[in-house]
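Coordinate analysis (summary)
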Amino acid sequence: MGGAADIMLLVLIAWALQEEVDDAWQWTLLGGLLIGLISKLPFYFYIPVYFVIIGFARFLRSRFWQAPAIGMFITTVLGTLVLQMATLVVLQLSGMSIKLSESFGYIVLPSVLLNLLLSIPMQAIVSDLAQFVYRSQGKNERI
Amino acid sequence: MNQQINRNWQLIVFFLVVVGIMAMALSGYLNPLVKAATSPFIGIQRWISTRYTAIVEFITVPKDAASLRQENENLKAEVSQLQTQVIELQQQVNEAQIIYSLLDFAQNRPENTYVAASVIGRDPSPFLQYVIIDHGSDSGIKHGMPVVNQDGLVGRIDAVTANAARIQLITDAGSSVNIHLRNAGVDAVMSGSLTGDINLDMVSTDITLEAGDLVITSGLGGNYPPDVVIGQVVSVRKTETDLFQTASVQPSVDFANLQAVLIITNFKPVDTSPLIPTTTP
């Protein structure tokens, strides 16, 4: 299998799904820029794709506010598919000949599976982090 | 007078008895007797000793337990510290082994100048086979320079910043290398793929390709220096109806565990793009 987990995407989705979080867009911009600078793909590629995925996560947050795990699962699956398909299109446009069936079986599906597996612990970690950040922020405001 | 004689006789007899007993004792005849005589005393001594030891332990154990516990904690801390040291030393040994093998490779090819670099990252996209290294233009690295390690060809520099560079591996789907098959004695083009395998394409069916044939760079095209080992042919796919045959190549470099590389800095890649004819409308 040639897939890879996208930790940045998972962190951004999990963060965007937190109820208290209002700055998900800023973090998406920063995360997309960081990944874009490392990758061979154009540095501006990740930012719009991440924005679309995070927008979807924010939309789902209002629908599944009592069950963030469901929102995490749906966004992870669809988000990974969108990201990998967008990558495929960009690479095809840049002249790289990639077989769709091969890339789907070898890259896209394993990546979806890996991201799905990691989404459970990531959601828990980011949820704890959000609670920690916003609880301490609340205390500071009260003081 | 008689009394004096009797006393002398008594002394002689007493002396003889004592000497006899000593002789018997020394020769071991009295051992069973001595054992029988002393065993009750030994038993008593043992009984007293065990009770005494038990009483002493009962009084002093709480103090000993505390000190033992402290000592145990100290030893545990020392063990964990030593384990950390062992891991660090093992890492250093691994790094030293890699450096030695890179040095060995560089010494065997003195005509080239090298810059050694560590691999610090990989491209986040699973579609792309690129790695990031910790040296850039400040170390004299430029776009297009070939990258090798002790096992063979790794790839070429794709992008450079002041302190880092990105390498396109030969396993990348967009990579193609002009190669030479040593046993078959022919040149061909090798390309990477999505799966990370490398394949030979467009080889004429007239040429006999065999598994185990050594694949080296040909130097044609001016992108890579000649005679750098790439790998071995592992399987050949050829049918009677096909015009060309293809082959899979097992790379000599372990790309999954790539830790350090050498960039050949005195090799100037040739840009052949102006020579490629373009279609004019």
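Residues numbered from 1 in each chain as written. Chains lettered and ligands numbered in written order. Predicted model: local features only at pLDDT ≥ 70, side-chain atom pairs only at ≥ 80, totals over all residues. Heavy atoms only, no water.

Counting 48 residues, the largest nonpolar core has Ile133 and Val261 of chain B as its most contacted members. Looking at which element gives the most residues to this core, the answer is strand S12 (residues 260-264) of chain B, with 5 residues. In contact with Ile133 of chain B, not counting residues within four places along its chain, are Ala117, Ser118, Val119, Ile120, Ile141, Ile157, Asn163, Ala164, Ala165, Ile167, Val261 and Ile263 of chain B. Tyr46 and Ile53 of chain A together with Leu128 and Tyr130 of chain B belong to the second-largest nonpolar core, a separate cluster that totals 37 residues. (Core = buried A, V, L, I, M, F, W, Y, C linked by side-chain atoms within 4.5 Å. Buried < 20%, exposed > 50% of the residue type's maximum accessible area, 1.4 Å probe, protein only. Helix = DSSP H or I, 4+ residues; strand = E, 2+ residues; numbered from the N terminus. Contact = heavy atoms within 4.5 Å.)

To continue, consider a nonpolar patch on the surface. On the surface, Ile5, Trp9, Ile12, Val13, Phe15, Leu16, Val17, Val19 and Ile21 of chain B cluster together into a nonpolar patch covering about 870 Å² of accessible area. With respect to the helices and strands, the residue Val13 of chain B is situated in helix H1 (residues 2-27). (Patch = residues over 30% accessible without salt bridge, like charges linked within 9 Å, V, L, I, M, F, W, Y side chains within 5 Å. Areas by Shrake-Rupley, 256 points an atom, 1.4 Å probe, with all protein chains shown as cover. Salt bridge = Lys/Arg side-chain N within 4 Å of Asp/Glu carboxyl O.)

What links the strands of a sheet is backbone hydrogen bonding, and the strands pair in either a parallel or an antiparallel sense. All names here are of chain B. One closed barrel accounts for 6 strands, arranged S1-S2-S5-S4-S3-S12; its pairing is antiparallel. Geometrically, the sheet is characterised by an average inter-axis angle of 45° between neighbouring strands, direction not taken into account. Two strands pair when backbone bridges link them, and strand S1 (residues 114-122) and strand S2 (residues 130-133) are joined in this way by 3 bridges, in the antiparallel orientation. Bridge pairing in S2 links Gly121 to Ile132. (Pairing = 2+ DSSP bridges. Axes fitted to C-alpha atoms, helices over the stretch in contact; angles between N-to-C directions.)

This paragraph deals with unusual backbone geometry. Positive phi, normally seen in glycine, also occurs at Asp227 of chain B, with a value near 65°. In this structure, Asp227 of chain B sits in the loop between strand S9 (214-217) and strand S10 (229-237).

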